[in-house]
Amino acid sequence: MRFLLDGSVGYHVAGLGVVFDAASHTQRHFDKHSEEVTAIAFASDRRTVATGDLGRRPKVLVWDALSMQVAHEFQGQLQQGVKSLAFSPSGRLLAAVDSSEDSRVAVFNIAQGMCVAVAKGDRSQILDVNFGSDSLLATAGVGHLSFWSLGKGLASKPAAWGA
């Protein structure tokens, strides 16, 4: 959930992205997913939203919360549903983690509308992804913390546990 540029609040429920305007007590629905929406992320511009859904070939849709129009659709890089999404600090990149056995991690270039990297994450369940910069991200989950560098692909380095 996040406050958006126009003061409304964005969130997801069932197969929808929802934008709720508390002042007018109205909702607008983003209904372009055909499966249940399982993840949502908001860019720093407080206008651009990404939602990911469940399914064997899940979709990640990037859309404008004010116009409710799709900017980009990504499909084919992930398997068995989207677990987590995160925009980079600049808003140029979007990371996604799926629910597959290998917790695949994908990074999309929003401006170019293309996938720039995909890698196997971990056999342990990854629950969250976040960017530190446009070239560094981290994934965390059950017995899992890894740092990823984005260059010509994705390279991961597990965190060192203990002292």
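Quick caveat, the model's predicted, so the values are computed rather than measured.

Colleague: Explain the pattern of salt bridges to me, and be specific about the residues and the numbers.
Modeller: Under the counting rule described, the total for this entry stands at 7 salt bridges. Linking Asp64 and Arg47 is a salt bridge whose minimum nitrogen-to-oxygen distance equals 2.4 Å. Pair noted here: Asp64 is in strand E7 (residues 59-64) and Arg47 is in the loop between strand E5 (37-42) and strand E6 (48-53), with a separation of 17 residues, a long-range link. The exposure class assigned to Arg47 is partly exposed, which follows from its relative accessible area of 32%. One salt bridge in this structure joins Arg123 and Asp102, with 3.2 Å as the shortest N-O distance. You can see Arg123 sitting in the loop between strand E12 (114-119) and strand E13 (126-133) and its partner Asp102 sitting in the loop between strand E10 (93-98) and strand E11 (105-109), a full 21 residues away along the chain.

Colleague: Explain the packing of aromatic side chains to me, and be specific about the residues and the numbers.
Modeller: All told, the structure shown has 2 aromatic pairs when counted by the stated rule. An angle of 5 degrees between the planes, with centres 4.1 Å apart, marks the rings of Phe30 and Trp63 as stacked. Taken as a pair, Phe30 in strand E4 (residues 26-30) and Trp63 in strand E7 lie far apart in primary sequence, 33 residues in all. One exposure class covers both Phe30 and Trp63, and it is buried. Taking 4.3 Å as the distance between ring centres and 25 degrees as the angle between the ring planes, the aromatic pair formed by Phe74 and Phe108 counts as stacked. Placement of the pair is Phe74 in strand E8 (residues 70-75) and Phe108 in strand E11, with a sequence separation of 34 residues.

The rules behind these values
Residues numbered from 1 in each chain as written. Predicted model: local features only at pLDDT ≥ 70, side-chain atom pairs only at ≥ 80, totals over all residues. Heavy atoms only, no water. Salt bridge = Lys/Arg side-chain N within 4 Å of Asp/Glu carboxyl O. Helix = DSSP H or I, 4+ residues; strand = E, 2+ residues; numbered from the N terminus. Buried < 20%, exposed > 50% of the residue type's maximum accessible area, 1.4 Å probe, protein only. Phe/Tyr/Trp six-rings, centres within 6.5 Å; stacked < 30°, edge-to-face > 60°.

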